[in-house]
Amino acid sequence: MAIDELLERYVNFYTDFAFKKLFGTEANKDLLISFLNSLLAGKEEIKKLTYLNSEHLGTMESDRKAVFDVYCENEKGEKFLIEMQKAEQQFFKDRSIFYSTFPIREQAQRGNWNYRLKAVYTIGILNFCFDDSDPGYFHHEVKLMDTKTKEVFYDKLSYIYLEMPKFTKTEDELENLFDKWLFAIRHLPDLLERPQRLYEKVFERFFEQAEIAKLNRQERLEYEDSLKAYRDWFSVMETAKNKSRAEGLAEGLEKG
């Protein structure tokens, strides 16, 4: 595919290139701050973010390495691990918990230490659904809970998952900044201009940074490679689904 054949006006957010450019670069830090504040909805107000090293080893050199998509901390020292995931893995939840241990363990201090920790947020923007029980329930917030009292046992560890395919609001149905962010993320490659409802200044920046025509040549080459990888992945997943359906149908007919 040649560069000139890119027909979309804006990048596909679910490509690694777009996600890291829009949410993982110093120049676009304001976009991530706005998104996180809309997600937390007043529970936390982030004024400043510092990007941290996204590659981590365990306490021993032989420990398995974790590579995060975007890793940062706010002015209070609280950690935010933001992941964009295209497809469900077999042990998706296990992987998420494993990754969250790194921001916890790295807070250990030498010498006398009372074990006081800063909050850790693991945030997953998911281009798949892992819970089919409720088609309208897409915003999951998970904490450690006492199973008898149903009260939060520890409020400094949060896992937030957004099942993006379940977010089906139209532009006219957008109620708040969080809705607008989800709409922009999900529909970005399908849009030819910034929607009227997304009038906030932060979205002017978001769409400006997402415009393919404004990428330099190196960025466009990187985006093209990232988009090809995304489309190849999508094709493989669709093929697997269709094959599974066909095999299931054939098995049913045979039994019938």
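Residues numbered from 1 in each chain as written. Predicted model: local features only at pLDDT ≥ 70, side-chain atom pairs only at ≥ 80, totals over all residues. Heavy atoms only, no water.

## As for the overall build of the chain
- Counting its regular elements, the chain contains six helices and eight strands.
- Reading the chain from its N end, one meets helices and strands in the order α-α-β-β-β-β-β-α-β-β-β-α-α-α.
- If you take every contact in the chain between residues at least 6 apart in sequence, the share linking residues at least 24 apart comes to 61%.
- Working note: accessible area of the chain is about 15,200 Å², and carbon and sulfur atoms make up 50% of it. (Helix = DSSP H or I, 4+ residues; strand = E, 2+ residues; numbered from the N terminus. Contact = heavy atoms within 4.5 Å. Areas by Shrake-Rupley, 256 points an atom, 1.4 Å probe, with all protein chains shown as cover.)

## Focus on unusual backbone geometry
- Within the chain, Ala41 stands out as a residue other than glycine whose phi angle is a positive 50°.
- Of note, Ala41 is situated in the loop between α2 (29-40) and β1 (49-51).

## Re the pattern of salt bridges
- Going through the model one piece at a time under the given rule, you end up with 17 salt bridges.
- With its nearest N and O atoms 2.9 Å apart, the salt bridge here joins Lys228 to Asp232. Of this pair, Lys228 and Asp232 both sit in helix α6 (residues 217-255), separated by four residues, roughly a single helical turn.
- Assessed through its relative accessible area of 37%, Asp232 is described here as partly exposed.
- Each member of the salt-bridge network shares a partner with another, and the members are Arg9, Glu211 and Lys214. (Salt bridge = Lys/Arg side-chain N within 4 Å of Asp/Glu carboxyl O. Buried < 20%, exposed > 50% of the residue type's maximum accessible area, 1.4 Å probe, protein only.)

## Here we look at the pairing of strand β7 (residues 139-145)
- In the sheet, β7 pairs with strand β8 (residues 152-163) via six bridges, with the strands oriented antiparallel. Paired with His140 across the strands is Tyr161, a residue of β8. (Pairing = 2+ DSSP bridges.)

## Remarks on the nonpolar core
- In terms of nonpolar packing, the biggest core is built from 53 residues, with Phe13, Phe23 and Phe35 touching the most fellow members.
- Among the elements that take part in this core, α2 stands out by supplying seven residues, more than any other.
- Excluding residues that lie within four positions of it along the chain, Phe23 makes contacts with Phe13, Leu31, Leu32, Phe35, Tyr51, Val70, Ile125, Trp181 and Ile185.
- Membership of the second largest hydrophobic core comes to seven residues, among which are Phe92, Val120, Leu126 and Tyr159. (Core = buried A, V, L, I, M, F, W, Y, C linked by side-chain atoms within 4.5 Å.)

## Remarks on the sheet that holds β7
- Spatially, the six strands line up as an open sheet ordered β1-β4-β5-β6-β8-β7, and their pairing is mixed. With partners counted over all chains shown, the strands left at the sheet margins are β1 and β7, one partner each. Pairs of neighbouring strands in the sheet enclose a mean axial angle of 25°, with direction left out of account.
- Here strand β5 (residues 79-85) pairs with strand β6 (residues 120-126) via seven bridges, running parallel. (Axes fitted to C-alpha atoms, helices over the stretch in contact; angles between N-to-C directions.)

## Remarks on the confidence of the model for the chain
- For the chain, per-residue confidence averages 88 on the pLDDT scale, and 85% of positions sit at 70 or higher.
- Element-level mean pLDDT values for the chain span from 62 in strand β3 (residues 66-67) up to 98 in helix α4 (residues 177-187).
- In this model residues 1-5 is a low-confidence stretch, pLDDT under 50, and it forms nine contacts with partners more than four residues away in sequence or in other chains. (pLDDT = per-residue confidence, 0-100.)

## Considerations on the side chain of Asn74
- Tracing the backbone shows Asn74 in strand β4 (residues 70-74).
- Of note is the side chain of Asn74, whose polar atom sits 3.0 Å from the backbone nitrogen of Lys76.
- Those residues in contact with Asn74 that lie beyond four places of it in its chain are Glu44, Ile46, Lys48, Leu49 and Phe80. (Polar contact = N/O pair within 3.5 Å; in protein donor to acceptor, adjacent residues only side chain to side chain.)

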